[in-house]
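# Coordinate inspection notes
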Amino acid sequence: MPGFIAIGYGDRAGYDRTPQPVRDAAHAQDAKLIAEGALIGIAGAPVQVRNPDAAGLEIRDGPFMISVLPVAGFAVIEAADLAEAIENVSQVPCAVAHGVVEVWPLE
């Protein structure tokens, strides 16, 4: 079955203004995906790693990509196709709490 990376973006303000029943249902969707074998986690502090020409390691704290909303979490999911992957993440916390979820097919 094809694999997908889902990247959730969201902030506390959007989460807090989402009604509790919607948040509860979103967390239930996360639990369902985990039960189906998805690997889901909350994003911690990022570190950039570079090794240009394999000649010297460079490490920097902080994200490489900057977005309007911070990265909130990641998921690795399996789905029959992109449409199913989109359906699977359409009800997770970042999607319903005024954030966004990117879905990237793994090739």
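Report follows, based on the coordinates. (Residues numbered from 1 in each chain as written. Predicted model: local features only at pLDDT ≥ 70, side-chain atom pairs only at ≥ 80, totals over all residues. Heavy atoms only, no water.)

It is worth spelling out helix 3 (residues 82–89) at this point. When we look at burial in helix 3, the residues that qualify are Ala85, Asn88 and Val89. Looking straight down helix 3, one finds its buried side chains confined to an arc of 85°; they lie on one side. Away from its buried face by more than 90 degrees, helix 3 exposes Ala83 and Glu87. Its side-chain oxygen placed 3.3 Å from the backbone nitrogen of Ala83, Asp81 serves as the N-cap of helix 3. (Buried < 20%, exposed > 50% of the residue type's maximum accessible area, 1.4 Å probe, protein only. Helix = DSSP H or I, 4+ residues; strand = E, 2+ residues; numbered from the N terminus. Arc of directions from axis to C-beta. Polar contact = N/O pair within 3.5 Å; in protein donor to acceptor, adjacent residues only side chain to side chain.)

Below, the discussion takes up the sheet that holds strand 2 (residues 39–42). Within a sheet, neighbouring strands are paired by backbone hydrogen bonds and run either parallel or antiparallel to one another. Here four strands make up an open sheet; going across it, the order is 2-5-1-6 and the pairing antiparallel. Each end of this open sheet is capped by a strand with a single partner; those strands are strand 2 and strand 6 (100–105). The mean inter-strand angle of the sheet, taken between neighbouring strand axes irrespective of direction, is 15°. In the sheet, strand 2 pairs with strand 5 (residues 71–78) via four bridges, with the strands oriented antiparallel. Bridge pairing in strand 5 places Ile40 opposite Ala75. Each of strand 1 (3–9), strand 5 and strand 6 touches helix 3; the most contacted strand, strand 5, lies at about 135° to it. (Pairing = 2+ DSSP bridges. Axes fitted to C-alpha atoms, helices over the stretch in contact; angles between N-to-C directions. Contact = heavy atoms within 4.5 Å.)

This part covers the pairing of strand 5. For strand 1 and strand 5, the ladder comprises seven bridges, and the chain directions are antiparallel. By the bridge assignment, Ile7 is partnered in strand 5 with Phe74.

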